[in-house]
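Commentary on secondary and tertiary structure
Each chain is listed here by its residues.
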Amino acid sequence: MHSITLATLRNSADFFNIDEVVSIVNGRKKEEIGYFVPKSLKKEFEKFTYELEKKRKIEKLKRIAKADALDPIGDGACGDGIA
């Protein structure tokens, strides 16, 4: 995987001809900012992000169900979900 700097973004003619995923780095601080995913990989990347989001939501629902099971409530009362 190649790394590019923010300065490269200014020269957009060269930047948008990239056909692979690249890491965007802040040249001054030498820290990674994010990634550029080209249009050719859009469908695969969307599937990947969908699966990540789905997994995150399932884990959150499991935590909610577990907290709800550990939080007994009486008749006519409502639990707060905090165990």
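Remember, predicted model here, so these are calculated numbers, not experimental data. In this convention, every chain numbers its residues from 1, walking through the sequence in written order. Per-residue local features of the predicted model are confined to residues with pLDDT of at least 70, and side-chain atom pairs are confined, for both listing and counting, to 80 or more; whole-chain, interface and lining totals are unaffected and use all residues. The side-chain numbers reported here are obtained from all heavy atoms of the structure, hydrogens and water having been left aside.

**Observations regarding the packing of aromatic side chains**
Ring pairs shown here join Phe, Tyr and Trp side chains whose ring centres sit within 6.5 Å, with only the six-membered ring taken for Trp; geometry is labelled stacked below 30 degrees between planes, edge-to-face above 60, and tilted in between. By the definition in use, this model includes one aromatic pair. For the ring pair Phe 45 and Phe 48, a centre distance of 6.5 Å and an interplane angle of 40° mean the geometry is tilted. Here Phe 45 pairs with Phe 48, and both are found in helix 3 (residues 42-70), just three residues apart, close to one helical turn. A residue is classified by how much of its surface remains accessible, and Phe 45, at 38% relative accessible area, is partly exposed. Strands are runs of DSSP state E lasting at least 2 residues, helices are runs of H or I lasting at least 4, and numbering of each runs from the N terminus. Accessible area is worked out with a 1.4 Å probe on protein chains only. A residue is then buried under 20% of its type maximum, exposed over 50%, and partly exposed in between.

**Some details on a positive patch on the surface**
Patches draw on residues past 30% relative accessible area with no salt bridge. Two like charges within 9 Å are joined, as are two nonpolar side chains (Val, Leu, Ile, Met, Phe, Trp, Tyr) within 5 Å. A 1.4 Å probe and the Shrake-Rupley method give the accessible areas. Residues count as covered only by the protein chains that appear here. We define a salt bridge as a contact between a side-chain nitrogen of Lys or Arg and a carboxyl oxygen of Asp or Glu at a distance within 4 Å. Under the convention used here, Asp and Glu are negative, Lys and Arg are positive, and both His and the chain ends fall outside the count. Charge positions come from single atoms, namely NZ of Lys, CZ of Arg, CG of Asp or CD of Glu. A surface patch of positive charge is lined by Lys 39, Lys 42, Lys 43 and Lys 47. Counting through the fold element by element, Lys 39 comes out in the loop between strand 3 (31-36) and helix 3. Among the residues examined, Lys 39 registers a relative accessible area of 76% and is labelled exposed.

**Notes on the pattern of salt bridges**
Counting across every chain of the model gives two salt bridges. Its salt-bridge partner being Arg 56, residue Glu 53 comes within 3.3 Å of it at the nearest N-O pair. Here Glu 53 pairs with Arg 56, and both are found in helix 3, just three residues apart, close to one helical turn. For Glu 53, a relative accessible area of 32% puts it in the partly exposed group. Judged by its relative accessible area of 55%, Arg 56 falls in the exposed class. Among the salt bridges present, the one from Lys 62 reaches Glu 59, with a minimum N-O distance of 3.8 Å. With Lys 62 and Glu 59 both in helix 3 and three residues apart, this pair spans about one turn of that helix. Residue Glu 59 is classed as partly exposed on the basis of its relative accessible area, which comes to 41%.

**Re the confidence of the model for the chain**
If pLDDT is low for a region, its predicted coordinates should not be looked at in detail. pLDDT expresses, on a scale from 0 to 100, how confident the predictor is about each individual residue. Across the chain, pLDDT averages 82, with 83% of residues at or above 70. Confidence scores differ between elements of the chain, with helix 2 (residues 12-15) showing the lowest mean pLDDT of 71 and helix 3 the highest of 91.

**Brief notes about the pairing of strand 2 (residues 22-26)**
Within strand 2, five of the five residues are buried, which leaves it mostly tucked inside the rest of the structure. Where burial is concerned, the two faces of strand 2 agree: the one with Val 22, Ile 24 and Asn 26 and the one with Ser 23 and Val 25 are both buried. DSSP-based pairing: two strands are paired if at least 2 bridges between them are found. Direction of pairing for strand 1 (residues 2-5) relative to strand 2: parallel, over a ladder of four bridges. Pairing of Ile 4 across the sheet is with Ile 24, part of strand 2. The pairing of strand 2 with strand 3 spans five bridges and is classified as antiparallel. Note that in strand 3 the partner of Ile 24 across the bridge is Gly 34. From the end of strand 2 to the start of strand 3, which pair antiparallel, there are four residues, and Lys 30 there has a positive phi angle of about 55°.

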